[in-house]
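So the chains spell out like this:
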Amino acid sequence: MQMREQDVVATVRRLQIRELRTWVREGWVKPAQGDDGPYFDDLDIARIRLICDLRKEMALPSESVPTILSLLDQLHGMRHELHRLLKAVDQQPEETRRAVLEAYGKHSGRRQTRP
């Protein structure tokens with residue numbers, strides 16, 4: 001779903017439009033740009049809610065937010081890459097899958113069992 005600024009502020013009630021515009025200007029949220037302004041999707045709304053939690057609930061200073069967002073983005077990216085790797089391993093013959101899981105178990109210090 002695509003939302004305009006006013007819709008976002010109505011949806012995320014603890015948010016003010018000036019805050020939203022600041023967060024977009026700072027690059028904390030990167031909405032799609034239309035002819036008549038920014039459009040926010042579900043991922044943008046989730047990120048806005050997270051920023052509200054960080055700033056308002058946890059009272060983190062503005063200077064900390066970019067670092068936290070960057071770390072979360074990196075974590076999300078690594079998770080995505082791990083899912084892609086798992087899919088690639090799952091497409092291999094069973095013998096190869098077992099060998100990969102055994103090698104992983106040796107490197108991680110624990111045994112992995114997966115069909």
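Residues numbered from 1 in each chain as written. Predicted model: local features only at pLDDT ≥ 70, side-chain atom pairs only at ≥ 80, totals over all residues. Heavy atoms only, no water.

> Got a minute to help me understand the overall build of the protein in this structure?
Along the backbone of the protein there are five helices and two strands. When its helices and strands are written in sequence order, the protein yields α-α-β-β-α-α-α. Here the C-alpha radius of gyration of the protein, 20 Å, is well above what a compact globule of 115 residues would show, namely 13 Å. Projected onto its principal axes, the C-alpha coordinates of the protein cover approximately 55 × 35 × 20 Å. The 115 residues of the protein split such that 23% are buried. (Helix = DSSP H or I, 4+ residues; strand = E, 2+ residues; numbered from the N terminus. Rg over C-alpha atoms; globule rule 2.2 N^0.38 Å. Buried < 20%, exposed > 50% of the residue type's maximum accessible area, 1.4 Å probe, protein only.)

> Which parts of the structure should I look at to understand the pattern of salt bridges?
In a structure, side chains of opposite charge can pair up when their charged atoms sit close to one another. According to the stated counting rule, one finds nine salt bridges in the structure shown. Notably, a salt bridge pairs Arg14 with Asp53, separated by 2.7 Å at the nearest N-O pair. Here Arg14 is found in the loop between helix H1 (5-11) and helix H2 (17-26), whereas its partner Asp53 is found in helix H3 (residues 42-57), with 39 residues between them in sequence. Taking relative accessible area as the criterion, Arg14 reaches 30% and is therefore assigned partly exposed. When its relative accessible area of 30% is taken as the criterion, Asp53 is described as partly exposed. Residue Glu81 pairs with Arg84 through a salt bridge whose shortest N-O separation is 3.0 Å. Taken together, the positions of Glu81 and Arg84, both in helix H4 (residues 65-90) and three residues apart, correspond to about one turn of that helix. (Salt bridge = Lys/Arg side-chain N within 4 Å of Asp/Glu carboxyl O.)

> So what exactly am I meant to see when it comes to H3 here?
Given 3.6 residues per turn, any residue in an α-helix points the same way as the ones three and four places further on. For H3, spanning 16 residues, the distance from its first C-alpha to its last is 21 Å, which sits close to the expected 22 Å at 1.5 Å a residue. Along H3, the positions that sit buried rather than exposed are Asp44, Ile45, Ile48, Ile51, Cys52 and Leu54. Along its buried surface, H3 packs onto H1, H2, strand S2 (37-39) and H4. Where H3 begins, the side chain of Asp41 points an oxygen toward the backbone nitrogen of Leu43, at a separation of 3.1 Å. (Expected span 1.5 Å × (residues − 1). Contact = heavy atoms within 4.5 Å. Polar contact = N/O pair within 3.5 Å; in protein donor to acceptor, adjacent residues only side chain to side chain.)

> Explain the packing of H2 against H3 here, please?
In helix packing, the relevant descriptors are the interaxial angle and the interaxial distance, both defined with respect to the helix axes. Following both chains from N to C, one finds H2 and H3 inclined at 105°, their axes separated by 12 Å at the closest point. One way to sum up the angle between H2 and H3 is to call them roughly perpendicular. Within the contact between the two elements, H2 uses Glu19, Leu20 and Trp23 and H3 uses Ile48, Ile51, Cys52, Arg55 and Lys56. (Axes fitted to C-alpha atoms, helices over the stretch in contact; angles between N-to-C directions. Parallel < 35°, antiparallel > 145°, perpendicular 65-115°, else oblique.)

> Could you clarify how one ought to interpret H4 in this entry?
Between the first and last C-alpha of H4 there are 37 Å, a value that for 26 residues agrees with the 38 Å anticipated at 1.5 Å per step. Residues of H4 that are buried sit in contact with H3 and helix H5 (94-108).

> Looking at this structure, how should I read the environment of Leu50?
For Leu50, the position within the fold is in helix H3. Spatially, the C-alpha atom of Leu50 lies 29 Å from that of Lys87, the residues being 37 residues apart in sequence.

> What am I meant to see in the packing of aromatic side chains here?
Each aromatic ring pair is characterised by the separation of its centres together with the angle its planes make. In total, this model carries one aromatic pair according to the counting rule given. Arg4 extends its terminal NZ or CZ atom over the ring of Tyr39, reaching a point 4.9 Å from the ring centre. (Phe/Tyr/Trp six-rings, centres within 6.5 Å; stacked < 30°, edge-to-face > 60°. Lys NZ or Arg CZ within 6 Å of the ring centre and 35° of its normal.)

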